[in-house]
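Chain residues, written in single-letter form:
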Amino acid sequence: MSAPLLEGNDNSSPHFTAPPNYTFPHHRLNLLQRYPEKQPIVLVACGSFSPVTYLHLRMFEMALDYVRQNTDFEVMGGYTSPVSDQYKKPGLLSAHHRVNMCTIATEQTSQWLMVDPWEAFQSYQRTAVVLDHFDHEINTVLGGAQLPSSDERRHIRVVLLAGSDLISTMSEPGVWSETDLDHILGKYGTLIVERAGSDMDMDTATEALARWRHNIFLMPQLIQNDVSSTKVRLFIRRGLSVRYLLPAPVIDYIEEHSLYADDASNYDKKG
Ligand SMILES: Nc1ncnc2c1ncn2[C@@H]1O[C@H](COP(=O)(O)OP(=O)(O)OP(=O)(O)O)[C@@H](O)[C@H]1O
Ligand SMILES: NC(=O)c1ccc[n+]([C@@H]2O[C@H](COP(=O)(O)O)[C@@H](O)[C@H]2O)c1
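Read on for a plain summary of the structure. Note that this is a predicted model, so its numbers are computed, not measured. Every chain's residues receive numbers from 1 upward, in the order its sequence appears when written. Here chains are named by letter from A upward and ligands by number from 1 upward, in the order in which they appear as written. Per-residue local features of the predicted model are confined to residues with pLDDT of at least 70, and side-chain atom pairs are confined, for both listing and counting, to 80 or more; whole-chain, interface and lining totals are unaffected and use all residues.

**Thoughts on the packing of helix α2 (residues 95-109) against helix α8 (residues 248-256)**
Item 1. The axes used here are C-alpha line fits, helices contributing only the stretch in contact, and every angle between their N-to-C directions lies in the interval 0 to 180 degrees. What counts as a helix is a DSSP run of H or I of at least four residues, what counts as a strand is a run of E of at least two, and both are numbered from the N terminus. Two numbers describe how α2 lies on α8: the axes approach to 8 Å, and their chain directions differ by 155°. The angle between α2 and α8 falls in the class roughly antiparallel. Here α2 and α8 pass one another in a crossing that is right-handed. Along its contact with α2, which presents N100, M101, I104, A105 and Q108, the element α8 presents P249, V250 and Y253. Every angle not falling under 35 degrees, over 145, or within 65 to 115 is termed oblique; those three ranges are roughly parallel, roughly antiparallel and roughly perpendicular. Two helices that cross are described as forming a left-handed crossing if the nearer one is turned anticlockwise from the farther one by less than a right angle, and a right-handed crossing if clockwise. Contact definition: two residues whose C-beta atoms, as placed from backbone geometry, lie within 7 Å.

This is the structure we're talking about:
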């Protein structure tokens, strides 16, 4: 589906709003570089995560492999950043549940992924602002990466991790401002996972964004997976099993809170 039209293109503000009692999660962020000859990066996936699926988690593992084999980057950490409730996309469950599900998924199935609730628990924040927030927390507040056997600190580049459907929306008029695109693709860059069944092939999608080509990294899916949150929600509503499409503890959470099951009195409790 097309992303809702959004307004605003002022990404120059150094001031960030924050939810009450917010602290930036960094318990799994590696600030010590292993390969000083490489550029340290942090992967940030923005999206609804309603609910988070194995594909969302796989995107990070695909990115790790791609980065190791094809780039001079070193991945220092990875974050999901669930969008605010104000995004008002169909099927968007409350931020509280989406953040909880992402937290369960990352804490229980991964050693390195984290969830940043910053954008979820406040007014809608454009992706350019979200990436600025990460850049601020990681480089200004935490001081960036440290080189081995040295006090020297180095800037960690924030990189947007996304599916090819998201990059397709970047060439749709009115969805992203030119200023934001220049900020996201010019300053940060993006790793794009091919999305099975996506309307546009990746070459076409990136043609319109050619001036930032050097900062757009296309990753083919070597094992095709087209699980989507929409399909998971549909299955739950129809009382079909979603087991093995998303982590079991997330399914348990969905069942416990009767999520997505508004018209599914026949929802199979075993999943
Ligand atoms: N099957 C998939 N292949 C590649 N990328 C995906 C896939 N599913 C989700 N993504 C990517 O994951 C990120 C988070 O997406 P989001 O949570 O909005 O997921 P979604 O599954 O597309 O949601 P929905 O089905 O509710 O539209 C986006 O960058 C999206 O492109
Ligand atoms: N202008 C923007 O910053 C802009 C536009 C469209 C989508 N997005 C982001 O992309 C992510 C995924 O959106 P969709 O689920 O609508 O594809 C969300 O985090 C959303 O905030 C940002």
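Picking up where we left off.
**Digging into the environment of G143**
Item 1. Counting through the fold element by element, G143 comes out in the loop between α3 (127-141) and β4 (145-146).
Item 2. Along the backbone, G143 and E255 are 112 residues apart, and their C-alpha atoms lie at a distance of 41 Å.

**As for the site of ligand 1**
Item 1. Around ligand 1, the surrounding shell holds 20 residues, and the nearest of these are G47, A162, G163, R195 and T230.
Item 2. Where the shell around ligand 1 is concerned, the elements lending two or more residues are β1 (39-47), α1 (54-70), β6 (157-163), α4 (164-169) and α7 (229-237).
Item 3. Three residue categories are used. Nonpolar comprises Ala, Val, Leu, Ile, Met, Phe, Trp, Tyr, Cys and Pro, charged comprises Asp, Glu, Lys and Arg, and polar comprises the others, including Gly. Grouping the amino acids of the shell around ligand 1 by side-chain chemistry returns seven nonpolar, 10 polar and three charged. For each residue, a C-beta atom is placed from the backbone, and the residue is labelled near a molecule or strand when this atom is within 6 Å of it.

**Points about the sheet that holds strand β3 (residues 113-115)**
Item 1. The parallel open sheet is built from six strands, whose spatial order is β3-β2-β1-β6-β7-β8. Two strands close off the open sheet at either side, each with one partner strand: β3 and β8 (216-219). Strand-to-strand twist in this sheet, taken as the mean axis angle between neighbours without regard to direction, amounts to 25°.
Item 2. Sheet strands touched by helix α5 (residues 178-188): β6, β7 (190-193) and β8. Its angle to β6, the strand with the most contacts, is close to 115°. Any two strands with at least two DSSP bridges between them are considered paired.

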